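# Structural description and commentary
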Amino acid sequence: MSHFFPLWEEVSPLFRIKDMDKRFRFNKKYYLCSNCKRVFHSHEDLLFVEDNVARGFCTEACIEQFFRPQVKLYEAIEVEIREKLSIKEEITLKFLESPQYLEKLLKSPKEIWAIENDFNEKIYSLIAPFKDKSGKIFYLASLCLFYQGKPSFIFLVTATSYLPFLDEFRIGERVNLRENESLLKAPEYLKDTDIANLVEHKKSFLLSEILRTRSNRDIPIFDFPNYEQFLKNTVEGPDEVYAFKDDLGDKFITYIKSYQEEKNIFYYFVICLTVSSASKSVKEQIVPVIYFPSKDGKIYQMFTRGNLIMGSLKS
Ligand SMILES: [Zn+2]
């Protein structure tokens with residue numbers, strides 16, 4: 001088949017599996033990852049980090065790679081301004097080492113500013129004041145992108161107690177926090193259709209990660225359905241359970257159990273997403289995103305990430 005479509009070689013394995021029986025036609029909608037140019041049929045297979053810019057990415061790694069030059073640009077500007085103000089080695093910078101300040105800045109900034117270029121690309125600036133142990137005030141400031149009311153990609157974060165430097169972060173126009181309260185709070189509860197979309201999205205992402213990592217000698221993908229009988233047992237009596245957050249802050253729970261069937265020894269993985277639900281009776285839902293068997297140590301390593309919440313670490 002592949003000699004008919006040289007493009008097959010270039011498209012992602014993910015795409016190949018989903019669209020194995022489909023052929024390329026001109027009269028179809030195509031979406032390319034803005035970074036690596038992998039081809040998709042649905043925009044739902046792509047990740048977005050901006051609201052009004054039609055720029056989608058196939059993986060978090062592609063997002064990172066695409067924006068890296070812009071990260072470098074802002075970093076260089078910071079160095080230049082700090083040099084000019086003679087505050088290159090500010091002691092306040094040590095507060096960047098404690099993640100709680102950044103978390104607070106992203107969740108409840110005191111000021112939000114935004115500047116938009118002629119291509120509708122909008123950069124946000126967040127500012128929040130903090131007090132150190134002696135009661136001295138310092139600030140954290142960040143330049144980032146927003147998607148659906150939340151910071152989605154961070155270009156730069158810094159700490160300073162020098163007001164002229166802080167002033168440099170008051171970019172473009174100030175965003176009225178009261179008018180934009182939903183900006184940071186949305187969307188708290190998800191409708192069922194949203195959950196389905198989110199799960200699909202996460203599934204594509206995890207699947208592409210798994211395909212990139214697994215060895216060719218691992219259990220073939222077409223064989224996965226034959227292992228689905230292990231799903232229930234794995235969730236009900238796992239050997240290990242891990243909780244982790246992805247780069248977008250969504251919470252996952254991984255159930256792992258090892259099995260031995262005659263000479264066939266393998267792990268079964270069930271990766272679930274924790275979502276807030278619109279229903280009043282159930283606040284949080286745990287939805288299976290992807291479940292599969294594997295004999296591959298690299299896959300085991302990949303999913304024993306995050307916090308171990310049950311079970312023992314294998315030596
Ligand atoms: Zn890509």
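A brief look at the structure comes next.

What counts, and at which threshold
- Residues numbered from 1 in each chain as written.
- Predicted model: local features only at pLDDT ≥ 70, side-chain atom pairs only at ≥ 80, totals over all residues.
- Helix = DSSP H or I, 4+ residues; strand = E, 2+ residues; numbered from the N terminus.
- Expected span 1.5 Å × (residues − 1).
- Contact = placed C-beta atoms within 7 Å.
- Pairing = 2+ DSSP bridges.
- Axes fitted to C-alpha atoms, helices over the stretch in contact; angles between N-to-C directions.
- Buried ≥ 20, exposed ≤ 12 C-beta atoms within 10 Å, placed from the backbone.
- Core = buried A, V, L, I, M, F, W, Y, C linked by C-beta atoms within 7 Å.
- Domains from an automatic or database assignment.

An ideal rise of 1.5 Å per residue puts 36 Å on 25 residues; helix 2 (residues 60–84) measures up with 35 Å between its terminal C-alpha atoms. Taken from the residues just after helix 2, S86 is the one with a positive phi, measuring 55 degrees.

We now examine the environment of Y268. Mapped onto the fold, Y268 is located in strand 12 (residues 264–276). Leaving out residues up to four positions away in the same chain, Y268 has contacts with Y227, F230, T234, K257, Y259 and P293.

Our focus in this paragraph is the sheet that holds strand 8 (residues 150–160). Strands sit in the order 8-7-6-5-9 across an open sheet of 5 strands; the sheet is antiparallel. Unpaired on one side and paired on the other, strand 8 and strand 9 (173–175) mark the two borders of the sheet. Adjacent strand axes in the sheet meet at a mean angle of 30 degrees, parallel and antiparallel pairs treated alike. Where helix 2 meets the sheet, its contacts fall on strand 7 (137–147) and strand 8, and the angle it forms with strand 8 comes to roughly 25 degrees. Running over the sheet, helix 3 (residues 99–107) touches strand 6 (122–131), strand 7 and strand 8 and is turned about 125 degrees from strand 6.

Positive phi, close to 65 degrees, is recorded for N120, a residue that is not glycine. Here N120 falls in the exposed class, since 11 other C-beta atoms lie within 10 Å of it. Its identity is not glycine, yet E262 carries a phi of approximately 50 degrees, on the positive side. Tracing the sequence through the fold places E262 in the loop between strand 11 (251–261) and strand 12.

What follows is about the nonpolar core. By size, the foremost hydrophobic cluster in this structure holds 22 residues, and its most contacted members are L46, F57, Y124, C144 and L145. Looking at this core, the elements with two or more residues in it are strand 6, strand 7 and strand 8. Broken down by element, the residue count for this core peaks at 8 residues, all from strand 7. Taken together, domain 1 (2–56) and domain 2 (60–184) each give at least three residues to this core, which thus spans both.

Let us look at the sheet that holds strand 12. Taking strand neighbours across the sheet as the criterion, the 5 strands line up as 13-12-11-10-14 in an open arrangement whose pairing is antiparallel. The strands lining the two open edges of the sheet, one partner per strand, are strand 13 (284–294) and strand 14 (307–310). For this sheet the average axis-to-axis angle between neighbouring strands, irrespective of direction, equals 25 degrees.

We now examine the pairing of strand 8. As paired strands, strand 7 and strand 8 are joined by 9 bridges and run antiparallel to one another. Its bridge partner being in strand 8, L143 is matched across the sheet by L156. If you look at the hairpin formed by strand 7 and strand 8, you'll find 2 residues sitting between the two strands, and Q148 has a positive phi there, around 50 degrees.

A separate point is the environment of C36. For C36, the location among the structural elements is in the loop between strand 1 (31–32) and strand 2 (39–40). Sequence separation between C36 and Q65 is 29 residues; the distance between their C-alpha atoms is 9.2 Å. Sequence-distant contacts of C36, defined by excluding residues within four places in its chain, comprise C58 and C62.

Purely geometric stuff here, so don't read any function into it on its own.
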